[in-house]
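Observations on chain architecture
Chain by chain, the residues run as shown.
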Amino acid sequence: MSGRAILVVEDEPAIADNIVYALKTEGFSPQWCRTGAEALEAFRAQPPALVILDVGLPDTSGFEVCRGIRAQAATPIIFLTARDSEIDKVVGLEIGGDDYVTKPFSPRELTARVRARLRRHEPGGESGFVLDEAAREVRLDGRLLDLTRYEYRLLAILLAQPRRVFSREQLLEQAWSDPGAAFDRTVDTHIKTLRQKIRAVAPQRSPIRTHRGEGYSIEP
C-alpha cells in the first residue's frame, strides 16, 4: 500500500497538516485540497486510491463532493466531521461514504482506518475481481469483462462494499449521471446483463445476490 495516493479534503490547515504528516509517515502520498471545487478538479486529474473528506467545507458540503466523486468512481471515502450526529452519519453512508471519523481524532487511528479500507478495496483478493479505475476496466480471474459504462459503475459500487445491500434507488443515485432519467427496472436490466457477462467469463461464479424488496449485494 506504500506510495498510494490519498486525497485529503480539509479546510483547516492545522488538521490537514497532521493528517498529511501521519499519512506520509505511513508511506502514503497525500494531496491536500482546501475546497470542494479543488478536490473534484484534483480527483478528475489524478484519481487517488482513497479520499479523506471533511463534511464542512467553505464552498460546499462534503456530501456534495461525495456525490460528485461517486458519479465518476467507487473510490473509498472516509468522512471527517466536527458533529457527532447520527443523521449526518446515516446521510454520509447512504450517499456512498465508506467510513466516518468524528473530530477530534487520532491521526494514527485515521491512518489505520485508511489501511483497513484500502485492504477491503484492494483489487483481487478472494473475490477474483481486479478493478482498474483509471482505465474503467474490471478483470475477473485475469479475464477482461466487456462492460458498458453503467455496468462498470454498478459493479464498482458493489465491489467497494462487499455484502452491503444497495437499494435500487441508491444504485441509481450513485451510478447514473442523471438518476431522474432512469427507472428502477433500468438497474434490474443492467444487473441481469452484468450477471451474464460474469458467467461468460467464469461460469461457476454468481457473486451478485438479489435481496427481495431490498436490492442487490455482491459476495466476495
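To be clear, the structure that these remarks concern was listed above.
So, a few notes on the structure that sits alongside this text. (Residues numbered from 1 in each chain as written. Predicted model: local features only at pLDDT ≥ 70, side-chain atom pairs only at ≥ 80, totals over all residues. Heavy atoms only, no water.)

Section: the sheet that holds strand β8 (residues 143-144)
- Strands sit in the order β6-β7-β8 across an open sheet of 3 strands; the sheet is antiparallel. This sheet does not close on itself; its edge strands, each paired only once, are β6 (129-132) and β8.
- Judged from the 2 bridges that link them, strand β7 (residues 137-140) and β8 form a sheet pairing that is antiparallel. If you follow L140 over to β8, its bridge partner there is R143. (Pairing = 2+ DSSP bridges. Helix = DSSP H or I, 4+ residues; strand = E, 2+ residues; numbered from the N terminus.)

Section: the pairing of β7
- Here β7 shows one buried face, formed by V138 and L140, and one open face, formed by E137 and R139.
- Examined bridge by bridge, β6 and β7 share 4 bridges and lie antiparallel to one another. Among the inter-strand pairings, L131 is bridged to a residue of β7, identified as V138.
- Linking two consecutive strands that pair antiparallel, namely β7 and β8, is a turn of 2 residues; a positive phi of about 50° is found at D141 within it. (Buried < 20%, exposed > 50% of the residue type's maximum accessible area, 1.4 Å probe, protein only.)

Section: the packing of aromatic side chains
- Applying the stated criterion across every chain, the model contains 3 aromatic pairs.
- Consider the rings of F63 and F79, whose centres lie 5.4 Å apart with planes at 80°: the pair is edge-to-face. Residue F63 is located in helix α3 (residues 62-70), and its partner F79 is located in strand β4 (residues 77-81); the two are separated by 16 residues in the primary sequence. Just as F63 is buried, F79 falls in that class too.
- On the numbers, 5.7 Å between centres and 40° between planes, the contact of F79 with Y100 is tilted. Taken together, the positions of F79 in strand β4 and Y100 in strand β5 (residues 99-102) put the pair 21 residues apart, joining distant regions of the chain. (Phe/Tyr/Trp six-rings, centres within 6.5 Å; stacked < 30°, edge-to-face > 60°.)

Some remarks on the pairing of strand β2 (residues 29-33)
- The sheet contact formed by strand β1 (residues 5-9) and β2 spans 5 bridges and is parallel. Looking at the pairing, L7 lines up with Q31 of β2.
- Traced from β1 through helix α1 (residues 13-25) to β2, the parallel crossover comes out right-handed. (Right-handed = clockwise from strand over helix to strand, strands pointing away.)

A short note on the packing of helix α6 (residues 149-160) against helix α7 (residues 168-175)
- At a closest axis distance of 10 Å, the pairing of α6 and α7 adopts a crossing angle of 120°. For the element pair α6 and α7, the recorded crossing hand is right-handed. On α7, the residues touching Y150, R153, L154, I157 and L158 of α6 are L171, Q174 and A175.
- The residue inventory of the contact of α6 with α7, partitioned by class, reads 6 nonpolar, 1 polar and 1 charged. (Axes fitted to C-alpha atoms, helices over the stretch in contact; angles between N-to-C directions. Left-handed = near helix turned anticlockwise from the far one by under 90°. Contact = heavy atoms within 4.5 Å. Nonpolar A, V, L, I, M, F, W, Y, C, P; charged D, E, K, R; others polar.)

A closer look at the sheet that holds strand β3 (residues 50-54)
- What the 5 strands build is an open sheet, ordered β2-β1-β3-β4-β5; its pairing is parallel. Of all strands in the sheet, those bounded by a partner on one side alone are β2 and β5. Within the sheet, the average angular offset between the axes of one strand and its neighbour, ignoring direction, is 20°.
- This element, α1, spans β1, β2, β3 and β4 of the sheet and lies at about 165° to β2.
- In the packing of α3 onto the sheet, contacts are made with β3, β4 and β5, and the angle to β4 comes to roughly 170°.

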